[in-house]
Structures are given as C-alpha cells and as structure tokens.
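Inside the fold
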Amino acid sequence: MTSGTVRVRFAPSPTGFLHVGGLRTALFNFLFARNTGGKFILRIEDTDRARYVEGAVQNLINTLKWSGLDYDEGPDAPGNYGPYVQSERLDIYRKHVDVLLEKGTAYRCFCTPERLESMRKEQEKKKLQPKYDRTCLRLSAKEIEDNIAAGKPFVVRLKVPDGETIRFSDIVRGDVEFMSERVDDQVLLKSDSFPTYHLANVVDDHLMEISHVIRGEEWLSSTPKHVLLYEAFGWKLPKFAHLPLLLNPDKSKLSKRQGDVAVEDYRDKGYLKEALVNFIALLGWNPGDDREIFSLEELGKGFSLEKVNKSGAVFNVEKLNWLNFQHLRRKPDGNVLSMLKDHLAKTGIGSTRYSDAYLLEVIAAMRERVSFIKDFTEKSPYFFLPPNEYDPAVVKKRWKPQSAEYLKKLGDEFLKLENPQKQDYENALHRTAESLNVGNSELIHPLRLAVSGMGEGPGLFDIVSVIGKEETITRINSAIERIK
RNA sequence: GGCGCUAUCGUCUAGUGGCCUAGGACGUCGCCCUCUCAAGGCGAAAACACGGGUUCGACUCCCGUUAGCGCUACCA
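What comes next concerns the included structure. Note that this is a predicted model, so its numbers are computed, not measured.

**Topic: unusual backbone geometry**
Omega for the bond connecting Gly82 with Pro83 falls within 30 degrees of zero, at -5 degrees, which places this linkage in the cis form. With respect to the secondary-structure elements, Pro83 resides in the loop between helix H2 (56-67) and helix H3 (90-103). Non-glycine residue Lys127 carries a positive phi angle of around 60 degrees. Mapping Lys127 onto the fold places it in the loop between helix H4 (113-125) and helix H5 (141-149). The phi torsion at Arg134 lies on the positive side, around 65 degrees, for a residue other than glycine. Within the secondary structure, Arg134 sits in the loop between H4 and H5.

In structure tokens, the structure reads:
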C-alpha cells in the first residue's frame, strides 16, 4: 500500500440502530474517500460484550446501505485487511498488548473494580482528577507472577509518561495539546481479555492502514491516549479530523428523548435518503457557495475537510422537511409512482385498485403540494376515496342554501358532456354560471367541497378531470343530499 | 471540580483586516399571482456574546471574561 493512498473508516458500535450522528460521520468519511479517490471501510467495533445486541450489526449494515453509502471493505465486503469485526480479531489485540507489556509501556493491574470505585469516590471528594493511582505499577516482578499464578483477574493499562506535552494536529481544529499528567493510565485490555475501544481502534487503524481518522468531537479528549499508543508501538500517526457534534434544539449532544435519532426513524417516517443525506451534509459543512440541494455525487465532488466547521450544529427538522420536498419533486414520475403504490398497499387502499395512468394523473396534480409520499393520501384522500365528511369550516363558508340548486344544474350540465377533458368541465361550469347569472366562484367553491370534502388542493378542474365525469356527478349528488 | 472544544439572524451558515450600511437558506410575516391550498415571484423583521488589546482600520488577529457543549468507565 502506497503511503499516499487515502483510506478512511466508519467504525460504529452496534448498539441497535444507526444514529443520525453516526450517519453524518459515515457520510463525511464516505465523501472524503470519494473526493480523494480513497477507500471507505466499515469496521464493527463490538468489543463490549455487555452491550451486545442481537441483530444490531445486520441492522446497521442494512441502514447504511439504504442511505447509499457504499463501502469498499467491510464485514460483507471482503478486503485485504479483514476481519472487519473486532470481536473476530481478539488474538490480534492480545498479541499487541504483549508487545507493549514487553516494552514496558503497559502494565498489568490487579485492582478490583470495587477498589477502583472507592478510589475514584475518594478523589472526587477531594476534588482531585479521577485517575488511576498506579498501585499496580509498583508491583514487583515476583508479585506480578504470584498474582498471575494465583489466577487473579487483571487488566492491562497504558503507562502514560510523566511531564510530556502531547501534541497533535487536527484538520478541523488545528493544533491541540494536552499535558500527559491529565491523561489517565487507560485500560487497554479488559479482564475478560477483550480490548477497550482505545486499543482496538488504534491497532486496527494501523493494521488497516487508515490514513485519516474522521470521527465525532466526543473523541477529541481521548485522542492523546491514542497518540501515546501510536508512539508506544512506534507507529506513524494518522491524520485526525474531529467533526462537530450534532445537537438537540437545546444544544446538548443529539440524543433520544428529544426527538428521533435513529436513521430508521426518519426512513420510516417517509424521509427520502437523498434528503436526509443532503441535510446532514450541510450540518457542519458547506460548499462555499449558495447551493443547498445536492445529490450524493455532487456532495462528493465538492467535499473537503478544510471546509468543515468547528462548532456543533442543531438538527433542525424544518429544513429537513423542505429538503425532502425539494428532492421529492425532482424525482421522475416513475419513481414517485412506485413509491406511491407501495404506500397505497400499506395504507390498505391497495396498490392495484387504480391504474398507473390514473395514479400518474394524481401525481401530476399533487406534485407541487407534497413533501412526503404519505401526503398524497393525507392531503388528497379524495383521489382515492369519496369524501366521507365535509370540512365544517368550509361548509359554513361555501355551502349556501342555493348551492344545492346550483350544483344540481352543474351536474346536469356535466352529464351532457361526452368524454370531457379538463377544459370541457371548465366551459360547462362557465355556461352554468352564466345561465344562473352568478359568478363562477359561486359554483367553483361548492363543487370543490362536494368532490373533495375540503377547501384546498389542486385546481378544481384538475381534480374533476382526474376523478372523472361519473364520479364527479356521484359526488355532486351526495353533496346535494347533504346540503338539503 | 479538572481538562478540552466552541461562540455571526430562532435554526443551518457565508465571511480568512478595508468589498460588511454583515450575504444566502429554512422558518416567520406581508404583498403579487389566483377558484382554494401549495408552488413561484417580490419584500420585511431577524445576528457579529462581553471586555480589553494589536492595527490607520476589526466579524475577521491576540488576551481575558462569560456562556454552551464534550470528555473525565474494565462504554463506545
């Protein structure tokens, strides 16, 4: 592998669902790879058996695929750096821990969780920084051997050097530095001999030749530990880029409780993947011009880490809704048709009840009025079922005592039409209004209410010509009954 | 508490010392269009957290304050 090749990874922990913040991290990695001609890798960080969730990995993969972020290497995309699931790499981590132990840059710790707990409490009480007190670092070789022989459980900790300033450069944030005194002797290998995130992450990033570590800002504070690990192993540091956090409306880190955080939630609510991806791309990044609507390809073209913001971004659903509208209206009729049919099947109206030609007419009429596929049935149910009730507010405003008579005449006029087109209905209405000596609107509004049950929607003659002459007359007659 | 990061309209953001009487987008409001509702067009309200420097000149650079957030586990 050439050193100039970009290799980035999305390394989620499978906790049940894909978090939108995770999707954003994945997206930025993906876009960076696309933009630089590099590789995008999916690696599953499942080193916490306490948080094991059945089916989480598959779910994660499905959701990532739904969003369109294809990866070059991953659990189900073989590459030369596998396996891509950390629980299948346990022996690798143990070997690397042995190296550290031998070098003396790590040490075994036999302290019990209870002791650690009380130590921490004590430190907090004294307002000291909670930090391992290095009791086990002072163990003699003999004591260590005896402990091991006695079968005492232990963890392996990183031996953080004293008095060092740990510096690294972050592409997003510039130079960052930490005093090593502030860095805890991090556990690298747990007592169940699984690695912690810190160890597994560094080992894998090195072994998988990851060139750029692009992850959320919550990792910035633990980066010095990682830097120390790279140094302990004698490995070259990757480039770091810590992305700003996605925030709740109250500016705290985006979480459940304050709305939906699972990508699946948005998918299930009818958001288009194009809209979601477009939206989260704009959270923390901008193209440098006034464009707002992007396809994945377009995002990939213009993306650069240098244009990533430093501050957190509130996840604002209003704009996402607008983007969904924008992307939906850009979809070809054929795509909208099949989505509409799926939706119709789900709502019980049935996908085969209406011809494609009919549905296409509905789509043409509603194009400018829907942000979601579900809006077709929610905003214009009258295309699928006759109104079973009439909006009371509109009834009050539009149905006058004489409306029944007007509608009767209008229905009679429509009845005479042969294979009418939109314009024919309109002409018929004009004729009727003239003979009645009333304004067109005296007929238009009552008719709209009669055929749709509501006071808003596409042009009246569009509605009428879509549902057809027979249905229109039927609905007129039902309405007349209701007005009487 | 400690450490770290951040700080432009309600929200997403442009802005890299003079182009800023701070631009765009979502949302909000008004007008136009109009058979209604949208869409579309036009317009409005709306921000540089504060205080010191540096400079001929700061939204832009430095320092401090304040605020917010993150981390502070044998979780990631």
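**Focus on the packing of aromatic side chains**
Going through the model one piece at a time under the given rule, you end up with 20 aromatic pairs. Where Tyr230 meets Trp235, the ring centres are 6.5 Å apart and the plane angle is 70 degrees; that geometry is what we call edge-to-face. Its relative accessible area of 2% is what places Tyr230 among the buried residues. Classification of Trp235 as buried rests on a relative accessible area of 17%. Ring centres of Tyr354 and Phe384 lie 5.7 Å apart, and the angle between their planes is 80 degrees; on these two criteria the pair is classed as edge-to-face. Separated by 30 residues along the polypeptide, Tyr354 in the loop between helix H12 (333-347) and helix H13 (356-366) and Phe384 in the loop between helix H14 (375-379) and helix H15 (392-398) bring together distant segments of the chain. Taken together, the ring pairs connect Tyr266, Tyr271, Phe279, Phe315 and Phe372 into an aromatic cluster. Directly above the aromatic system of Phe28 lies the positively charged group of Arg24, at a separation of 5.0 Å from the ring centroid.

**Topic: the packing of H3 against helix H6 (residues 197-207)**
Running from N to C, H3 and H6 point in directions that differ by 100 degrees, and their axes come no closer than 10 Å. Judged by the angle between their axes, H3 and H6 are roughly perpendicular. The segment H3 lies against H6, with Ile92, Tyr93, His96 and Val97 engaging Leu199, Ala200, Val203, Asp204 and Leu207. When the residues that make up the contact of H3 with H6 are grouped by side-chain class, the tally is seven nonpolar, one polar and one charged.

**Regarding helix H18 (residues 441-452)**
Side chains of residues three or four places apart in an α-helix project in the same direction, reflecting 3.6 residues per turn. With twelve residues, H18 should reach 16 Å at 1.5 Å per residue; the first-to-last C-alpha distance of 16 Å fits that figure. Every buried residue of H18 is accounted for by Leu443, Pro446, Leu447, Arg448, Leu449, Ala450, Val451 and Ser452. Contact partners of the buried residues in H18: H15, helix H16 (403-415), helix H17 (422-436), helix H19 (460-467) and helix H20 (469-483). Once H18 ends, the next one or two residues include Gly453, with phi positive near 80 degrees.

**Description of the environment of Thr47**
In this structure, Thr47 sits in the loop between strand S2 (39-42) and H2. In this structure, the C-alpha to C-alpha distance between Thr47 and Leu283, residues 236 residues apart in sequence, is 30 Å. Setting aside anything within four residues of it in sequence, one finds Thr47 in contact with Gln86, Lys190, Phe194, Pro195, Thr196, Tyr197 and Ala200.

**Things to note about the nonpolar core**
Phe315, Phe383, Leu407 and Leu447 are the most contacted members of the largest nonpolar core, which totals 104 residues. By residue number, the principal contributor to this core is helix H1 (residues 20-36), which donates nine residues. The residues touching Phe383, leaving out its near neighbours within four places in the chain, are Tyr354, Tyr358, Val362, Ala365, Met366, Pro458, Ile463, Val466 and Ile467. Counting 35 residues, the second largest nonpolar core, distinct from the first, contains Val156, Phe194, Leu220 and Val227.

**Digging into the protein's contact with RNA strand B**
Near RNA strand B there are 64 residues, and of these Asn286, Glu368, Arg369, His445 and Gly455 occur at the shortest range. Protein-adjacent atoms of RNA strand B, using a 4 Å cutoff, are sugar or phosphate at a proportion of 73%. Backbone polar atom of Leu282 to a sugar or linking oxygen of RNA strand B: 3.0 Å apart, as the coordinates give it. When residues of the surface near RNA strand B are traced back to their parent elements, those giving at least two are H4, strand S4 (155-158), strand S6 (174-179), strand S11 (313-314), helix H11 (317-329) and H18. The element best represented in the surface near RNA strand B is H11, accounting for five residues.

**Section: the packing of H1 against helix H9 (residues 273-281)**
Put simply, H1 and H9 touch, their axes get as near as 10 Å, and they point 80 degrees apart. Considering their axes alone, H1 and H9 lie roughly perpendicular with respect to each other. Only Leu276, Val277, Ile280 and Ala281 of H9 make contact with H1, whose side of the interface consists of Val20, Leu23, Arg24, Leu27 and Phe28. Each residue belonging to the contact of H1 with H9 can be placed in one class, and the counts come to eight nonpolar, no polar and one charged.

**A word on the pattern of salt bridges**
Using the criterion set out here, one finds 32 salt bridges in the structure. For Arg49, the salt bridge goes to Asp48, with nearest N and O atoms at 3.8 Å. Using a relative accessible area of 44% as the deciding quantity, one classes Arg49 as partly exposed. A salt bridge links Asp162 to Arg134, with the shortest nitrogen-to-oxygen separation between them at 3.5 Å. Placement of Asp162 in the loop between S4 and strand S5 (165-170) and of Arg134 in the loop between H4 and H5 is noted, with a sequence separation of 28 residues between them.

The rules behind these values
- Residues numbered from 1 in each chain as written.
- Chains lettered and ligands numbered in written order.
- Predicted model: local features only at pLDDT ≥ 70, side-chain atom pairs only at ≥ 80, totals over all residues.
- Heavy atoms only, no water.
- Helix = DSSP H or I, 4+ residues; strand = E, 2+ residues; numbered from the N terminus.
- Phe/Tyr/Trp six-rings, centres within 6.5 Å; stacked < 30°, edge-to-face > 60°.
- Buried < 20%, exposed > 50% of the residue type's maximum accessible area, 1.4 Å probe, protein only.
- Lys NZ or Arg CZ within 6 Å of the ring centre and 35° of its normal.
- Axes fitted to C-alpha atoms, helices over the stretch in contact; angles between N-to-C directions.
- Parallel < 35°, antiparallel > 145°, perpendicular 65-115°, else oblique.
- Contact = heavy atoms within 4.5 Å.
- Nonpolar A, V, L, I, M, F, W, Y, C, P; charged D, E, K, R; others polar.
- Expected span 1.5 Å × (residues − 1).
- Core = buried A, V, L, I, M, F, W, Y, C linked by side-chain atoms within 4.5 Å.
- Near = heavy atom within 4 Å.
- Polar contact = N/O pair within 3.5 Å; in protein donor to acceptor, adjacent residues only side chain to side chain.
- Salt bridge = Lys/Arg side-chain N within 4 Å of Asp/Glu carboxyl O.

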